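Each chain is listed here by its residues.
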Amino acid sequence: MGLASYAAVVVFIATMLTSASDGALVCGALPHVKKRITCYRGWFPQGDRVTLTELGNLLHKKGDKEGAFDVLKEALKRQPNNLHAHYSFASFLEQDGQIQDAIVAYDGALSSVGEHIVLLNNLATLYYDQRDWSRAEALYRRALAAKSDSPGSTQLAQIYNNLGNALKEQNELEASVVAYQDSLRLDRRLDVVASLLHSLHHLCDWSLADQQLEALQAHWRESLSTQEQVVATAVQVMAGVGGQREVLDRLLESVPHVQPFDVLGQRLAPLAATRASAIFASMAVARVGPSVPPGLLTPVAGQISVGYLSGAFGDHPTSHLLGNALSLLPRNLVSQHLFSLTRPPHGCPHLARLVTSVGTARANFHLLAGRSPSAAAAAINHQRVHVLVDLDGYTGTGMEDVLALRPASVQIAFLGFHGSTGAPYIQGIVTDRVTSPPELAGDYTESLLLMTGSHFVADYRHYPRPHNPPRRPRSGPVYCNFGQLYKLDSKTLSLWGEIVAETHGELWLVSYPTEAETRVRRQGLRAGLTNATLKFLPRVGKEEHFARAGECDLYLDTPEYNSHTTATDALWSGLPLLTIASERMCTRVAASLSDHPLLLLARTMRDYRDTAAGYGRCALGQHLCGERGKAVLAGRHDVAHQRVGPLNVGAWAEAFLRTVRLTVDLASSVAMAPPERLSRSLSLSRFERASDLPRWHLVVGTDPSDDKSSVRLS
């Protein structure tokens, strides 16, 4: 039989095969590319009318990736400036997780075909996902300037939005506002409104922010159900219940989702915020496809394995708070692994401290930076951890796709994101009774893992013990807040102005972000805060920060979004803290520190105002102090305050370990809002019918001999 006849027989056999993989084996085995292409074309009714680029797309859709790349390479060999072949080749590499190869392919495409808006946008987005935001910004600007075609308004709006995101990541907030407004002029999408609002809050542009907030909330209420339906359809598409990848991409692009972290500062009701998170999480599920978690692992010799996933193992509050706390978990009872989604700076002392606290660097620190979600998930799964702890939540590290692949059988949230993840792949959230009261469990999709005392950890043992410096003479108390200015709002600043005016005091804030200072000063003048009574201080290192806190009389917490790290910084420094709790989780964290003798918890805003003014006068001896005021004043000069409540790291470590161990023990016998019940979580009916969902609350005491460890079913 001649070669031509042999090839014809092979083509005939390939057309008869019902399995794409079987056909790929036959065609891929042919020695010459022309014969392979002829064979591939025999799969499709169009036959020779199929261009090489179309053929590559069809093969990739059938699942024959090698065949698709083979054909597309030949297409580019014949036509080096074939735009569509370049696009397909690079995008397929991107879809397959070959990120660096995709970047090279997009660069090659731009060299061959010139500036093209789609190629530039896609390449920019790859760099954005790699956290190379300056390069992403430059490419988005090139995309907007490209004259290669006539893009539609929707496409341009998306690129302006992408540019705004890249600018915001570089703290170029003013420029991000301009980019978002340019996007909204072309297409008014909910997610862009939310991003604009986020930048406005960080800039303390409250007048425009309040207008946008009303628009966001109205738009959100109108579109919520539609978004949930679209995302549920997208998940079905990915599962093969009625569509292909391009259909999925179009569906996901049509969902005007809101970044969950942007929602925290927007005063949305807890239930609405959780639904926003659920949509965001379900989109990750749709992107990665259906995943089955590995089977539950049995602890070996009583030892469990815990993994911590984060993109903040560096000079970041997460690392500052953890300090050496993980070293207090006995290594004979628990082995620990750090999985880093970013590459921390070389020689970072915070990373070195964390790595030392969990074990040897080579065995226990795993760098996942630059890996695709599937590769990162595989690396985590290879370590066979019993529990994977999400330390970041939706704080910009982009780990949701990794977690959606379910590399561990039990995945829980802790510390980084103070709100429900809404994620079907997160079964529990480590919290406490104050931060997450059981009666508010309906606002969460996770089971509540309730530690006794505060769940919040703050390890300052590696810092020198702060001391209060000599106080300069003054006529009134010094109030302060050293948190980021985005947690502030106009009503709170006005309230602080009243307190300062009544006590003839001062208010110290940190100029961060610096662009917000002018607006806060302007708003402060309306609240009676002059340049003499409102002082902005630069950001400084931790030890200088502690010393500065010692010069103040009272730390005023922000009611709409509590101080977290800066709250424990204040307590460690011996600075009393006044806070108030409301309904949302992010407004209750400081209240969970109530075991600390220097914390003052107000019940109402009137109580907050009166307590701040009364204690301020009391601190200067201008007013008779109540019992609580006397106790707080005495506590300022007692170093024992550094070892109580949330600063008792030993007690925290014991409670945390017991929480994790009981989570592992109970995971196989108690329903933890099962992740496989995906359709129910997508429809979000659990929020309307919470009673039909088996969830549990784990209550853990700090004393192994007490009877406070129990499981509450709800």
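Refer to the structure above for everything that follows.
Described below are features of the structure shown in this document. In this text, all values refer to a predicted model and were calculated from it rather than measured experimentally.

Quick notes on the overall build of the protein
Within the protein, the regular secondary structure consists of 29 helices and 15 strands. The buried share among the 714 residues of the protein stands at 56%. At a minimum sequence separation of 6, the contacts of the protein that also span at least 24 residues come to 69%.

What to know about the sheet that holds strand E10 (residues 534–537)
If you trace the six strands from one edge of the open sheet to the other, you get E10-E9-E8-E11-E12-E13, paired in parallel fashion. Edge positions in the sheet fall to E10 and strand E13 (599–602), since each has one partner strand and no second. Neighbour to neighbour, the strand axes of the sheet diverge by 30° on average, direction disregarded.

Focus on the packing of helix H6 (residues 83–95) against helix H8 (residues 117–129)
Between H6 and H8, whose axes approach to 11 Å, the crossing angle comes to 15°. Comparing the axis directions of H6 and H8 gives the class roughly parallel. With respect to the hand of their crossing, H6 and H8 are arranged in left-handed fashion. Only Val 118, Leu 119, Asn 122 and Leu 126 of H8 make contact with H6, whose side of the interface consists of Leu 83, Tyr 87 and Glu 94. By residue class, the composition of the contact of H6 with H8 is five nonpolar, one polar and one charged.

A look at the environment of Asp 610
Relative to the helices and strands, Asp 610 is located in helix H26 (residues 605–619). The class of Asp 610 is partly exposed, set by a relative accessible area of 37%. In this structure, the C-alpha to C-alpha distance between Asp 610 and Ile 499, residues 111 residues apart in sequence, is 8.2 Å.

Overview of the pattern of salt bridges
Evaluation of the coordinates by the stated rule reveals 20 salt bridges. Among the ionic pairs, Asp 205 bridges to Arg 519, the shortest N-O distance being 3.9 Å. Of the two residues, Asp 205 is situated in the loop between helix H12 (190–202) and helix H13 (206–238) and Arg 519 in helix H23 (residues 517–526); the sequence distance between them amounts to 314 residues. Given a relative accessible area of 18%, Asp 205 falls into the buried group. Looking at Arg 519, the relative accessible area reads 17%, which means it is buried. Two residues, Asp 610 and Arg 606, come together in a salt bridge whose shortest N-O distance is 3.4 Å. With Asp 610 and Arg 606 both in helix H26, this residue pair falls four residues apart, about one helical turn.

Remarks on the side chain of Glu 137
Inspection of the secondary structure assignment puts Glu 137 in helix H9 (residues 133–145). Among the residues examined, Glu 137 registers a relative accessible area of 14% and is labelled buried. For Glu 137, the residues in contact, after removing those within four places along its chain, are Leu 163, Ala 166, Leu 167, Gln 170 and Glu 172.

Re the packing of aromatic side chains
Overall, the coordinates contain 12 aromatic pairs when judged by the stated rule. Their ring planes at 90° and their centres at 5.8 Å tell us that Tyr 486 and Tyr 561 sit as a pair that is edge-to-face. Residue Tyr 486 is found in the loop between strand E8 (478–481) and helix H22 (490–503), and its partner Tyr 561 is found in the loop between strand E11 (554–556) and helix H25 (565–572); the two are separated by 75 residues along the sequence. The structure contains a cluster of three or more aromatic residues connected by ring pairs, namely Tyr 460, Tyr 463, Phe 546 and Trp 572. Over the face of the ring belonging to Tyr 512 we find Arg 539, whose NZ or CZ atom lies 3.9 Å from the ring centre. Against the face of Phe 482 rests Arg 548, its NZ or CZ located 5.4 Å from the ring centre.

Regarding the pairing of strand E9 (residues 506–510)
Burial within E9 is extensive, with five of its five residues counted as buried. One ladder, built from four bridges, connects E8 with E9; its direction is parallel. Looking across to E9, one finds that Asn 481 is bridged to Leu 509. Taken together, E8, H22 and E9 form a β-α-β motif whose crossover is right-handed. With four bridges connecting them, E9 and E10 associate as parallel partners.

A word on the packing of helix H10 (residues 153–169) against helix H11 (residues 173–186)
For the pair H10 and H11, interaxial distance at closest approach is 8 Å and the crossing angle is 165°. Judged by the inter-axis angle, H10 sits roughly antiparallel to H11. Considering the relative orientation of H10 and H11, their crossing is left-handed. Note on element contacts: H11 touches H10 through Leu 173, Ala 175, Ser 176, Ala 179, Tyr 180, Asp 182, Ser 183 and Leu 186, opposite Ser 153, Leu 156, Ala 157, Tyr 160, Asn 161, Leu 163, Gly 164, Asn 165, Leu 167 and Lys 168. Class assignment for the residues of the contact of H10 with H11 results in 10 nonpolar, six polar and two charged.

A closer look at the pairing of strand E5 (residues 410–413)
Where burial is concerned, the two faces of E5 agree: the one with Val 410 and Ile 412 and the one with Gln 411 and Ala 413 are both buried. Here strand E4 (residues 387–390) runs beside E5; their pairing, made up of four bridges, is parallel. Within E5, the residue paired with Val 389 across the bridge is Ile 412.

A few points about the environment of Leu 449
Structurally, the position occupied by Leu 449 is in strand E7 (residues 447–451). For Leu 449, a relative accessible area of 0% gives the class buried. A C-alpha to C-alpha distance of 7.2 Å links Leu 449 and Asp 432, two positions 17 residues apart in sequence.

Re H9
Here H9 contains 13 residues, and its C-alpha end-to-end distance of 18 Å stays within 8% of the 18 Å for a straight helix at 1.5 Å per residue. For H9, the set of buried residues is Trp 133, Ala 136, Glu 137, Leu 139, Tyr 140 and Ala 143. Summarising the contacts, the buried residues of H9 are in contact with H8 and H10.

Let's talk about the environment of Asn 122
Structurally, the position occupied by Asn 122 is in helix H8. Looking at Asn 122, the relative accessible area reads 17%, which means it is buried. Measuring from C-alpha to C-alpha, the distance between Asn 122 and Ala 143 comes to 9.5 Å, with 21 residues separating the pair along the chain. Sequence-distant contacts of Asn 122, that is, excluding residues within four places in its chain, are made with Tyr 87 and Tyr 106.

Structural notes on unusual backbone geometry
Going from Tyr 512 to Pro 513, the amide bond is cis rather than trans, its omega being 0°. Inspection of the secondary structure assignment puts Pro 513 in the loop between E9 and H23. Backbone geometry at Asn 171 places phi at a positive 60°, although glycine is not the residue there. Mapping Asn 171 onto the fold places it in the loop between H10 and H11. We note that Leu 415 has phi near 80°; this positive angle belongs to a residue other than glycine.

Definitions and cut-offs
Residues numbered from 1 in each chain as written. Predicted model: local features only at pLDDT ≥ 70, side-chain atom pairs only at ≥ 80, totals over all residues. Heavy atoms only, no water. Helix = DSSP H or I, 4+ residues; strand = E, 2+ residues; numbered from the N terminus. Buried < 20%, exposed > 50% of the residue type's maximum accessible area, 1.4 Å probe, protein only. Contact = heavy atoms within 4.5 Å. Pairing = 2+ DSSP bridges. Axes fitted to C-alpha atoms, helices over the stretch in contact; angles between N-to-C directions. Parallel < 35°, antiparallel > 145°, perpendicular 65-115°, else oblique. Left-handed = near helix turned anticlockwise from the far one by under 90°. Nonpolar A, V, L, I, M, F, W, Y, C, P; charged D, E, K, R; others polar. Salt bridge = Lys/Arg side-chain N within 4 Å of Asp/Glu carboxyl O. Phe/Tyr/Trp six-rings, centres within 6.5 Å; stacked < 30°, edge-to-face > 60°. Lys NZ or Arg CZ within 6 Å of the ring centre and 35° of its normal. Right-handed = clockwise from strand over helix to strand, strands pointing away. Expected span 1.5 Å × (residues − 1).

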